[in-house]
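# Coordinate analysis (summary)
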Amino acid sequence: MKISIVTPSFNQARFLEQTLRSVISQRDQVHEYFVFDGGSTDDSADVIRRYADGIDHWVSESDAGQGDAIRRGFARATGDWLGWINSDDVYLPGALEHIARAIEVHPEWDVLTAWHVRMDENSRIVSAHRMPGESARWARWGVTHVNQQTCFFKRSLYEKVGGIRPDLHCVLDTELWFRFFDAGARWGHVPAYLAGFRVHGGQKWSTLRERYAEEFGTLDRAYPRYHGGGPRHYAGRAMHKAMQMLSGREIAARRDARRWSGCTVEEVFGRWDRTDIRHEAGDGARA
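The sections below set out a description of the structure shown in this document.

Criteria and cut-off values
Residues numbered from 1 in each chain as written. Predicted model: local features only at pLDDT ≥ 70, side-chain atom pairs only at ≥ 80, totals over all residues. Heavy atoms only, no water. Core = buried A, V, L, I, M, F, W, Y, C linked by side-chain atoms within 4.5 Å. Buried < 20%, exposed > 50% of the residue type's maximum accessible area, 1.4 Å probe, protein only. Helix = DSSP H or I, 4+ residues; strand = E, 2+ residues; numbered from the N terminus. 1 Å grid on protein atoms, 1.4 Å probe; cavity = no way out; pocket = protein on both sides within 12 Å on 5 of 7 lines; lining within 4 Å. Points joined across faces, edges and corners; volume = space filled by probe spheres on them. Nonpolar A, V, L, I, M, F, W, Y, C, P; charged D, E, K, R; others polar. Pairing = 2+ DSSP bridges.

### Let's talk about the nonpolar core
- Trp84, Phe153, Trp177, Phe180 and Trp187 are the most contacted members of the largest nonpolar core, which has 34 residues in total.
- Secondary structure elements with two or more residues in this core: β2 (32-37), α3 (66-76), β4 (81-84), α6 (155-160), α7 (172-182) and α9 (209-222).
- Of the residues forming this core, the biggest block, six residues, is contributed by α7.
- In terms of nonpolar packing, the next biggest core, distinct from the first, is built from 29 residues, Val23, Val35, Trp81 and Tyr91 among them.

Laid out in structure tokens, this is it:
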């Protein structure tokens, strides 16, 4: 079992170093790591050069956007499993060992996800999310909550569905998940915090609202069984919210967020150069 990871990047020098450290400090679990920078005009290329020894291949040149960068990276990959981490997000310390262990224990899985935290521009935790695993059944009720930063999938599945669409910029991940559902993928889940999703003013959803609306319309038309409105989807989301509360997941996540409020991810989960890492829920994995 080999894992290949790609980082697409453009003008994220402020956060890129932390992203690179989060992968390279766990290189013993990674078969190959590629960084595709879209010709950034900030200091991104200099940051990448400082960490080049831990990167198998990197470029800094003009591309057609995030989807193009990811697609090029996966085309180069030779691993059995694929994942991508954007240049403002991070894998938490020890996360990739959790992923590798889950893959080894569950060869029947095609895709897996895990819990995540959200953090601000200074890497301080603002919320925690203990979402359950995915299923096509719940997706048909309008419930899809894949956290891209924790999502890994078999290369064979990715190639089977035709790869990521480079023409999409805002919903390229969601559209890929929908094709995984259509392909009958078996989804697994690791109940542990494994990634940090950064919330900041420069994110796409903050600056490209019109394009998001346009691409959401594309999902509505192409995947009405999974996306959009209607009584079934509204009822499904309401049921899911109630189940989150009744299961205790939502309450536990809010408790975690209160405990960790104002702390950085390294203060809570450990430094990327250390091995004594906490993951709250233990090392178990489940389908």
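Continuing now.
### With respect to empty space enclosed by the protein
- Following the criterion strictly, the structure yields one cavity of 30 Å³ or more and no others.
- Here the largest cavity is characterised by a volume of approximately 40 Å³.
- Thr113, Ala114, His116, Met131, Pro132, Glu134, His145, Asn147 and His189 together form the lining of the largest cavity.
- Take the lining of the largest cavity: its biggest share by element is three residues, from strand β6 (residues 111-119).
- Grouping the amino acids of the lining of the largest cavity by side-chain chemistry returns three nonpolar, five polar and one charged.

### With respect to the pairing of strand β9 (residues 187-198)
- Where burial is concerned, most of β9 is hidden: twelve out of the twelve residues are buried.
- Two elements, strand β5 (residues 90-91) and β9, share two bridges in a ladder whose sense is antiparallel. Residue pairing for β9: Val90 is matched across the bridge by Gly196.
- Note that β6 and β9 share nine bridges and pair parallel. What sits directly across from Leu112, in β9, is Gly188.

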